[in-house]
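Structure assessment
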Amino acid sequence: FNQALGMVIVQDLIRGLTSLSQEQFTVNLLEKYHKYPHQKFNTPAEVDMYKQVEDFIISGKESVKSEFPYRETVGCLIWLSSVTRPDISNVVRYLSRFVSNFHDLHVEILQRLLGYLNNTKNLGIVYDKSSKELNKIVAWSDASYADDFLTGRSTWGSVLMFNGGPIMWKSVLS
């Protein structure tokens, strides 16, 4: 295998597979920032993540401004999500909106995401020469409608696939 910029690149020429992963980067991230190393989740966020924040804002409760190194952790997650982990892009996009004004609820959402990474640290991107869509670019996109309580704006995402693996992905509030 080869390593570049903290990313491990493995080629299996016999099976026609190329994989990209950042398992060691993820392990280091978890050791440094994950408060609950026993937690493991199967999804990056709760289905009602937006609703949790909305309910908190509507309640008018005072939130404790956390001392957790939120900005630093989100920065690491941006790197991870932009290189080998498109599965966390939407949650990271959402959390990054609060780096200058985060509270304990945002840290809880972030810790849950770290619990997901704890369960999936070995995941990455795989390109497969035996893919049904060999040497074709396939595009996917989806959008919500006005799902952001704070702004009333919509979220959309897209991914371009090549040989069974993503080559570009994006999650945007528009």
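This write-up is about the structure you can find in this document. (Residues numbered from 1 in each chain as written. Predicted model: local features only at pLDDT ≥ 70, side-chain atom pairs only at ≥ 80, totals over all residues. Heavy atoms only, no water.)

Okay, the overall build of the protein next. Counting its regular elements, the protein contains five helices and seven strands. Each helix (α) and strand (β) of the protein, taken in turn from the N terminus, gives the series β-β-β-α-α-α-α-α-β-β-β-β. In terms of overall dimensions, the protein has a C-alpha envelope of 60 × 35 × 25 Å along the principal axes. In the protein, buried positions account for 37% of the 174 residues. For the protein, the accessible surface area stands at approximately 10300 Å², while carbon and sulfur atoms represent 57% of it. In the protein, the 18 positive side-chain charges and the 18 negative ones have mean positions that sit 4 Å from each other. (Helix = DSSP H or I, 4+ residues; strand = E, 2+ residues; numbered from the N terminus. Buried < 20%, exposed > 50% of the residue type's maximum accessible area, 1.4 Å probe, protein only. Areas by Shrake-Rupley, 256 points an atom, 1.4 Å probe, with all protein chains shown as cover. Lys, Arg positive; Asp, Glu negative; His and termini not counted. Charge placed at Lys NZ, Arg CZ, Asp CG, Glu CD.)

Turning next to unusual backbone geometry. For A146, which is not glycine, the phi dihedral falls at a positive 50°. Mapping A146 onto the fold places it in the loop between β5 (137-143) and β6 (155-162). Residue class for A146 comes out partly exposed when judged on its relative accessible area of 36%. Residues other than glycine seldom take positive phi values, yet N163 does so here, at roughly 50°.

Turning our eyes to something else, we now look at the environment of D87. Mapped onto the secondary structure, D87 falls in the loop between α3 (70-83) and α4 (89-96). With a relative accessible area of 32%, D87 lands in the partly exposed category. Apart from residues lying up to four places away in sequence, D87 is in contact with P44, Y116 and L123. Polar side-chain contacts of D87 include one of 2.8 Å to the side chain of R85. There is a polar contact of 2.6 Å between the side chain of D87 and the side chain of Y116. (Contact = heavy atoms within 4.5 Å. Polar contact = N/O pair within 3.5 Å; in protein donor to acceptor, adjacent residues only side chain to side chain.)

Here α3 crosses α4 at 150°, and the two axes come no closer than 10 Å. Between α3 and α4, the angle is such that the two are roughly antiparallel. Between α3 and α4 lies a crossing whose hand is left-handed. Together, Y70, V74, L77, I78 and S81 of α3 and S89, V92, L95 and S96 of α4 make up the contact between the two elements. (Axes fitted to C-alpha atoms, helices over the stretch in contact; angles between N-to-C directions. Parallel < 35°, antiparallel > 145°, perpendicular 65-115°, else oblique. Left-handed = near helix turned anticlockwise from the far one by under 90°.)

So, about the layout of surface pockets. Counted as a void, the largest pocket has a volume near 330 Å³. Elements with a minimum of two residues in the lining of the largest pocket: α4, β5, β6 and β7 (165-173). At five residues, β6 tops the list of elements feeding residues into the lining of the largest pocket. Residues belonging to the lining of the largest pocket are distributed by class as follows: five nonpolar, eight polar and three charged. Here the second largest pocket is characterised by a volume of approximately 190 Å³. In terms of lining, the second largest pocket is formed by I78, S81, S82, S89, V92, R93, S96, W169, K170 and S171. Mapped onto the lining of the second largest pocket, the elements with two or more residues apiece are α3, α4 and β7. With four residues, α4 is the single largest residue contributor to the lining of the second largest pocket. Residues belonging to the lining of the second largest pocket are distributed by class as follows: three nonpolar, five polar and two charged. (1 Å grid on protein atoms, 1.4 Å probe; cavity = no way out; pocket = protein on both sides within 12 Å on 5 of 7 lines; lining within 4 Å. Points joined across faces, edges and corners; volume = space filled by probe spheres on them. Nonpolar A, V, L, I, M, F, W, Y, C, P; charged D, E, K, R; others polar.)

Once that is clear, we can look at helix α2 (residues 49-59). Restricting attention to buried positions, one finds in α2 the residues M49, Y50 and V53. Buried residues of α2, seen end-on, are gathered within an arc of 105° and therefore sit on one face of the element. Against α4, α5 (104-120) and β6 lie the buried residues of α2. Looking one or two places after α2, you find G60, whose phi comes out positive at around 70°. (Arc of directions from axis to C-beta.)

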